[in-house]
Amino acid sequence: MQVATKGIVLTSIKYGDTSLIVRIFTFSDGIKSYLLRGILASKKGKLKTAYFQPLLQLDLIASHKNKGTLERITEAKVSYHYQSLHTDIAKNALTFFLAEMLGNSIHEEEANEGLFNFIEAALQWLDAHDEFANFHLYFLLSLTKYFGFYPDTNNMDYMYFDLLEGEFIKAPSLNPIVEGENLKHFKELLGINFDAIHSIKLNKKNRQELLKNLVLYFELHLQGFRKPKSLAVLNEVFS
């Protein structure tokens, strides 16, 4: 079945000497994996290697057999041209980290239009703004709405947040918790929007601790989730 759809590139892996296998989050069918035969050897083909960088936004014409095998892309073009996402060093590090987080989190081969629209708009916001040091924290927390484990905002006056139960609690539990200064900043992220993320003042330690808690939150709630290898690089860039 031929499909015209928007897509966001998550990963691109070399296959053999001349081909790529790419995983793309599509608007029409969720996660799809495609085999791009000979793309690394061809200079005249319709498909360019540059189209398949992490988090690039594409318009695709694809053939979907929906049998769990690798699918085929017949045409691709960039649907939104980033101005800074792949050229700014800090944004580029953030791009690889977020692509890895999304690739480890989204597995369904079914449409999730709300999630797609959120990611698409968030990446365009990141591309257009200069104050983005807290972007990934708010982005990850917002993602949990679509994955079904957004924090329960009842009892936000309590002194601890239980990462396993996803709720605020009065006293420490045996589960991993967020507390103290980290909890203060965690609460600040709840209920804001992207345009307000710069108002949260975090130092290097605060930002790293909060990110560590958010990645653990994903690990606890998503089966098979793997901690991103690019996390260490990101912490270095945002130090």
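Everything numeric in this text was worked out from a predicted model, so none of it was measured.

K.L.:
Which parts of the structure should I look at to understand the nonpolar core?
P.N.:
The tendency in soluble globular proteins is for nonpolar side chains to be buried side by side. Phe52, Ile119, Phe135 and Phe139 are the most contacted members of the largest nonpolar core, which has 73 residues in total. Apart from the residues lying within four places of it in its own chain, the contact partners of Phe135 are Leu94, Leu98, Ala122, Trp125, Leu126, Phe194 and Ile197.

K.L.:
In this structure, what is going on with the side chain of Asn213? I would like to understand it.
P.N.:
Position of Asn213 relative to the elements: it lies in helix α5 (residues 204–221). Judged by its relative accessible area of 11%, Asn213 falls in the buried class. The contact partners of Asn213, leaving out residues within four places of it in the chain, are Leu163, Ile177, Val178 and Asn182.

K.L.:
Can you help me understand the pairing of strand β4 (residues 57–63) in this one?
P.N.:
Side-chain direction in a regular strand flips from residue to residue, so the side chains alternate between the two faces of the sheet. When you tally the buried positions in β4, you get five out of seven residues, the bulk of the element. Of the pairings in the sheet, the one linking strand β1 (residues 2–15) to β4 comprises seven bridges and is antiparallel in character. Looking across to β4, one finds that Gly7 is bridged to Leu58. Pairing of β4 with strand β5 (residues 72–80) involves seven bridges; the strand directions are antiparallel. Across the sheet, residue Leu58 finds its bridge partner in β5, namely Val78.

Calculation criteria
Position numbers for residues count from 1 along each chain, tracking the sequence in the order it is written. Selection of residues for local features in this predicted model requires a pLDDT of at least 70, selection of side-chain atom pairs for listing and counting requires 80 or more, and totals for whole chains, interfaces and linings are taken over all residues. The basis for every side-chain value is the complete set of non-hydrogen atoms in the structure, without hydrogens or water. Definition used in this section: a nonpolar core is a set of buried Ala, Val, Leu, Ile, Met, Phe, Trp, Tyr and Cys residues joined via side-chain atoms within 4.5 Å. The cut-offs for exposure are 20% and 50% of the maximum accessible area for each residue type, with area from a 1.4 Å probe on protein chains only; residues under the lower value are buried, those over the upper are exposed, and the others partly exposed. Contacts are residue-level and defined by heavy atoms, with any inter-residue pair within 4.5 Å sufficient. Only runs of H or I of at least four residues qualify as helices and only runs of E of at least two qualify as strands under DSSP, and these elements are numbered from the N terminus. For two strands to be treated as a pair, DSSP must find at least two bridges joining them.

Spatial relationships are all this shows, so hold off on functional conclusions.
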